[in-house]
Amino acid sequence: MKVHEFDYYLPQELIAQEPVFPRDVSKVLVVDRKKKRLEHKRFHEIIEYINPGDVLVFNHTKVIPARLLGEKETGAGVELVLLKKIAHDIWECLVKPGKKLKPGAEIFFGNRELKARIEDYTEDGGRLVRFFYDGIFEDVLERLGKIPLPPYILKELEDKNRYQTIYAKEEGSAAAPTAGLHFTDELFKRLQDKGVESAFLTLHIGLGTFRPVKVDTVEDHKMHSEYYCLSQRSAETINHAKKRGNRIVAVGTTSVRTLETVADCQGFVNAKSGWTDIYIYPGYEFKVVDALITNFHLPKSTLIMLVAAFAGRELTRSAYSAAIKEKYRFYSFGDAMLIV
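Quantities reported herein were computed from a predicted structural model and do not represent experimental measurements.

(A) Up close: the packing of aromatic side chains. Tallied over the entire structure, the rule returns 24 aromatic pairs. Taking 5.3 Å as the distance between ring centres and 45° as the angle between the ring planes, the aromatic pair formed by phenylalanine 131 and phenylalanine 137 counts as tilted. Exposure remark for phenylalanine 137: the relative accessible area of 7% places this residue in the buried category. Aromatic rings pair up to connect Tyr8, Tyr152, Phe296, Tyr320, Tyr328, Phe330 and Tyr331 into one cluster. Just above the ring of tyrosine 328 sits the side chain of lysine 27; from NZ or CZ to the centre is 5.0 Å.

See below:
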């Protein structure tokens, strides 16, 4: 399977530069896999397609202010993006400019209250970085760091909480689980009143989100590992729904990847935590996920491959074409799809 099969042309003006308000008035393209039918709705109308007893599964990871702007001893500017905590005070990072930051190089942030030293290279072109500071690292990061918006968002975000889901809880992500950005407290209440259940898991989004697919053949791409956790309570909620015959509706591709990581061959899930590098592309047999809420993804990305695995390649292609024709907003702050 060739990566170019997942390419498409997107007009630049359709890349959303800021979130809509309120969150749930964004558009949603409802994709019916059995009937091969597309419907154009507003996001708050997804309640029409989710039944009492169904379970919405959310990733409640929280984006940390992982973007640090500093300088070397010479005064040259440096940018770090924290991606994954490897050990105490050692993080895997993206660095700019990469070529000039070799092991042993030191970088200073703020009034030198935070220092970083490059320890080693990573196989993906990043760096292992050790940090030095007084006090609590999270407090220092909160003062000095910025929310690391994706490179296709060119505007500064006035309210950094708009790049967090309203239920964000577990700190550790370098990017937001963007399908969840459409949910509001009011929509949660309406779903709850209808009898729809919720379950939460954690997948800290790291390097895989930033890493392009550079190979020609889909099967040759290697996913980066990310930390996940599914609690016993959430596992029980999901398994009880499966036994009743209700659907599991994954909110976002990160929820899909976690659920499919912890599922057994009967479609039940196990409470566990660890690291996953699961790679889902067409041909994959889904074990637990019955419906999916997701945003529109970059061409030739592993995320659009996952969507194509779930909805089918032709239907995914038709959905994306329809969204472009109807001028949907794309990517992180863009509109959504509900695939049933």
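That was the structure; now back to the text.
(B) How the structure looks around helix 2 (residues 185–194). All of the buried residues along helix 2 are Leu187, Phe188 and Leu191. Each buried residue of helix 2 lies within a common arc of 105° when the element is viewed along its axis, so the set occupies one face. Across helix 2 from its buried face, at more than 90 degrees, point the exposed residues Asp185, Glu186, Gln192 and Asp193. Tucked inside the fold, the buried residues of helix 2 contact strand 3 (55–59) and strand 12 (197–203). A positive phi of about 100° marks glycine 195, the residue just after helix 2.

(C) The arrangement of the pairing of strand 14 (residues 248–251) in detail. Neither face of strand 14 is open: one carries Ile248 and Ala250, the other Val249 and Val251, and all of them are buried. Here 3 bridges tie strand 3 to strand 14, and the two strands are oriented parallel to one another. Bridge pairing links valine 57 to alanine 250 in strand 14. As paired strands, strand 14 and strand 16 (residues 291–295) are joined by 3 bridges and run parallel to one another.

(D) Here's a closer look at the environment of lysine 35. Mapped onto the fold, lysine 35 is located in the loop between strand 1 (27–32) and strand 2 (37–42). On the accessibility criterion, lysine 35 (56% relative accessible area) is exposed. The spacing of lysine 35 and leucine 141 is 106 residues in sequence and 49 Å in space, taken between C-alpha atoms.

(E) Quick look at the sheet that holds strand 14. Taken together, 9 strands build an open sheet; the order of strands is 2-1-17-16-14-3-12-13-15 and the sheet is mixed. A strand with exactly one partner marks an edge of an open sheet, and here the two such strands are strand 2 and strand 15 (272–276). Between one strand axis and the next, the sheet turns through 20° on average, direction left out of account. Both strand 1 and strand 2 contribute to a ladder of 6 bridges, which runs antiparallel. Looking at strand 2, one finds that lysine 27 is bridged to arginine 42. Sheet contacts for helix 7 (residues 313–325): strand 1, strand 2, strand 16 and strand 17 (336–339); angle to strand 1, the most-contacted strand, approximately 155°.

Definitions and limits used
Residues numbered from 1 in each chain as written. Predicted model: local features only at pLDDT ≥ 70, side-chain atom pairs only at ≥ 80, totals over all residues. Heavy atoms only, no water. Phe/Tyr/Trp six-rings, centres within 6.5 Å; stacked < 30°, edge-to-face > 60°. Buried < 20%, exposed > 50% of the residue type's maximum accessible area, 1.4 Å probe, protein only. Lys NZ or Arg CZ within 6 Å of the ring centre and 35° of its normal. Helix = DSSP H or I, 4+ residues; strand = E, 2+ residues; numbered from the N terminus. Arc of directions from axis to C-beta. Contact = heavy atoms within 4.5 Å. Pairing = 2+ DSSP bridges. Axes fitted to C-alpha atoms, helices over the stretch in contact; angles between N-to-C directions.

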